[in-house]
Amino acid sequence: NSAESAAKRQKTETRPPTEGEEKTLKGPDLAKIKQLYDRVSDLVKKYEEAVSEATVAEMREYLPKKYLLKLTEKKTDLLSRTADIELTCQSGKNKYTPSALRKMLQDIKKEAKEESSDVKGRIATARADM
């Protein structure tokens, strides 16, 4: 039975959240989303700063063009996903459940942390090569 519940949990964790009709989030749910959003948005800003640092003219010689393109695409994706949740925080309405929104924020947080440390590592390596 525990294997069955683990399989069910695995299935729900890997599937993208399903959209429903737009609903107003309740006070405590919205407060939790806003609190998590604030933390995640700070990480996304740090990532954005790292990308800006990596894409300055002098760095372009030391970082592959393909990598810089990937960085720009990833930054745009993260900013877009973060902006969608920011709108939810402002309006209090969304098509996703509060738990789906929290999962989306956790995914953004994880991605921003990983990408940020990767970019900072590449910048440090490039500076060593300069």
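Look up a bit, the structure's there.
Below is a short write-up of the structure. Just so you know, these numbers come straight off a predicted model, no measurement behind them.

A few words now on the overall build of the chain. Summing up its helical and strand segments, the chain has 5 helices and 2 strands in all. The order of helices and strands in the chain, counted from the N terminus, is α-β-α-α-α-β-α. Counting the 130 residues in the chain, one finds 28% classified as buried. Taking as baseline every contact in the chain between residues at least 6 positions apart, the subset at least 24 positions apart corresponds to 87%. On the chain, roughly 8800 Å² of surface is accessible, and the fraction owed to carbon and sulfur atoms is 50%.

With that settled, the discussion passes to the packing of helix α2 (residues 27-54) against helix α5 (residues 98-129). Between α2 and α5, whose axes approach to 8 Å, the crossing angle comes to 20°. With respect to their mutual orientation, α2 and α5 come out roughly parallel. Where α2 crosses over α5, the two elements pack in a sense that is left-handed. Residue classes in the contact of α2 with α5 are distributed as 17 nonpolar, 2 polar and 10 charged.

Locating Glu-115 in the fold gives a position in helix α5. One buried charged side chain, Glu-115, makes no salt bridge at all; its nearest oppositely charged neighbour is Lys-74, positioned 4.2 Å away. Not counting residues within four places of it along the chain, the set of residues in contact with Glu-115 comprises Tyr-47, Lys-70 and Lys-74.

Rules and cut-offs
Residues numbered from 1 in each chain as written. Predicted model: local features only at pLDDT ≥ 70, side-chain atom pairs only at ≥ 80, totals over all residues. Heavy atoms only, no water. Helix = DSSP H or I, 4+ residues; strand = E, 2+ residues; numbered from the N terminus. Buried < 20%, exposed > 50% of the residue type's maximum accessible area, 1.4 Å probe, protein only. Contact = heavy atoms within 4.5 Å. Areas by Shrake-Rupley, 256 points an atom, 1.4 Å probe, with all protein chains shown as cover. Axes fitted to C-alpha atoms, helices over the stretch in contact; angles between N-to-C directions. Parallel < 35°, antiparallel > 145°, perpendicular 65-115°, else oblique. Left-handed = near helix turned anticlockwise from the far one by under 90°. Nonpolar A, V, L, I, M, F, W, Y, C, P; charged D, E, K, R; others polar. Lys, Arg positive; Asp, Glu negative; His and termini not counted. Salt bridge = Lys/Arg side-chain N within 4 Å of Asp/Glu carboxyl O.

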